[in-house]
Amino acid sequence: MRYQYFAGFALVAGLSGCATTRDCDPRYDPGFFGSVNCHASDAYQGRIDEGKKILADEQELKQQLAQQSAEVEKTKQDTEAALAKAQADLDGMERELGDIGGALKQAGKANARLTRRIGQYQTDIKAMKAKVKKGNPQIAERDRLKRELAALQAAIPR
């Protein structure tokens with residue numbers, strides 16, 4: 001008679017061995033025999049390994065995003081520094097042009113042609129400053145204005 005109980009138990013245990021992956025989902029109660037099967041078939045360990053892989057992938061993605069964020073911040077800082085330098089250069093050029101205009105007036109040799117050129121360059125510098133404030137520095141144009149400023153300084157009789 002004991003063998004009949006054991007045979008019945010073995011039959012029930014064997015049939016419960018057909019548990020699916022969904023049956024091993026911890027959100028659902030697989031029952032006693034299903035739980036035994038889940039432990040025996042390493043289905044729980046598979047779910048744990050899958051969760052660890054997902055976590056590792058997410059951590060790697062987080063690290064990549066942090067690196068990209070740092071690169072963007074560095075680019076932003078570099079751009080801000082370039083804009084500040086361009087603004088300072090233009091301010092210096094504007095002061096130098098003012099000095100040239102003052103020197104021409106004091107010397108009493110205000111040449112109409114030079115005065116017109118100075119006025120045009122002042123307008124150009126103001127336009128460049130407006131562009132720099134908008135975040136669009138045009139380095140070649142700024143360098144051209146610097147060369148013109150040097151030419152003006154050389155043209156002034158001293």
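Rules used throughout
- Residues numbered from 1 in each chain as written.
- Predicted model: local features only at pLDDT ≥ 70, side-chain atom pairs only at ≥ 80, totals over all residues.
- Heavy atoms only, no water.
- Helix = DSSP H or I, 4+ residues; strand = E, 2+ residues; numbered from the N terminus.
- Buried < 20%, exposed > 50% of the residue type's maximum accessible area, 1.4 Å probe, protein only.
- Contact = heavy atoms within 4.5 Å.
- Areas by Shrake-Rupley, 256 points an atom, 1.4 Å probe, with all protein chains shown as cover.
- 1 Å grid on protein atoms, 1.4 Å probe; cavity = no way out; pocket = protein on both sides within 12 Å on 5 of 7 lines; lining within 4 Å.
- Points joined across faces, edges and corners; volume = space filled by probe spheres on them.
- Nonpolar A, V, L, I, M, F, W, Y, C, P; charged D, E, K, R; others polar.
- Core = buried A, V, L, I, M, F, W, Y, C linked by side-chain atoms within 4.5 Å.
- Salt bridge = Lys/Arg side-chain N within 4 Å of Asp/Glu carboxyl O.
- pLDDT = per-residue confidence, 0-100.

**Q** Can you help me understand the overall build of the protein chain in this one?
**A** Helix and strand counts for the protein chain stand at five helices and zero strands. Overall, the protein chain shows an N-to-C arrangement of helices and strands of α-α-α-α-α. The buried share of the protein chain, taken over its 158 residues, is 19%. Expressed as a percentage of contacts within the protein chain between residues at least 6 apart in sequence, the contacts between residues at least 24 apart total 58%. Of the accessible surface of the protein chain, which amounts to about 11700 Å², a share of 56% is contributed by carbon and sulfur atoms.

**Q** When you look at the environment of A84 in this model, what are you seeing that I'm missing?
**A** Looking at the secondary structure, you find A84 in helix α3 (residues 43–107). For A84, a relative accessible area of 47% puts it in the partly exposed group. Sequence separation of A84 and V132 is 48 residues, and the distance between their C-alpha atoms is 8.7 Å.

**Q** What's the story with empty space enclosed by the protein in this structure? I'm lost.
**A** Space left empty within the atom packing is revealed by a probe, the size of a water molecule, rolled over the atoms. The full count for this structure, using the stated rule, is one cavity of 30 Å³ or more. Its boundaries defined by the atoms lining it, the largest cavity holds a volume of some 30 Å³. Lining of the largest cavity is provided by M93, L97, Y121, I125, L145 and L149. Class assignment of the residues belonging to the lining of the largest cavity gives a composition of six nonpolar, no polar and no charged.

**Q** Is there a simple way to think about the nonpolar core in this case?
**A** A general trend in soluble globular proteins is that nonpolar side chains are found buried together. Residues L97, I100 and L152 are the most contacted members of the largest nonpolar core, which totals 17 residues. No other element matches α3, which puts seven residues into this core. If we skip the residues at most four places from it in the chain, L97 touches I118, Y121, Q122, I125, L149 and L152.

**Q** I'm lost on the pattern of salt bridges in this one. Help?
**A** Between side chains of opposite charge, a pair can form as their charged atoms come close. In the structure shown here, the tally under the stated rule is three salt bridges. For D57, the salt bridge goes to K53, with nearest N and O atoms at 3.0 Å. Of this pair, D57 and K53 both sit in helix α3, four residues apart, roughly one helical turn. The exposure class assigned to D57 is partly exposed, which follows from its relative accessible area of 36%. Note that K74 and D78 form a salt bridge whose closest N and O atoms lie 3.2 Å from each other. Of this pair, K74 and D78 both sit in helix α3, separated by four residues, roughly a single helical turn. Owing to a relative accessible area of 41%, D78 belongs among the partly exposed residues under this scheme.

**Q** What is the right way to read the confidence of the model for the protein chain from this model?
**A** Low pLDDT marks stretches whose predicted atomic positions should not be read closely. Taken over all residues, the pLDDT of the protein chain has a mean of 76, while the share at 70 or more is 65%. By mean pLDDT, the top-scoring element of the protein chain is α3 (87), and the lowest-scoring one is helix α1 (residues 2–16) (55). Within the model, pLDDT remains below 50 along residues 15–21, and this stretch shows six contacts once partners closer than five positions in the same chain are excluded.

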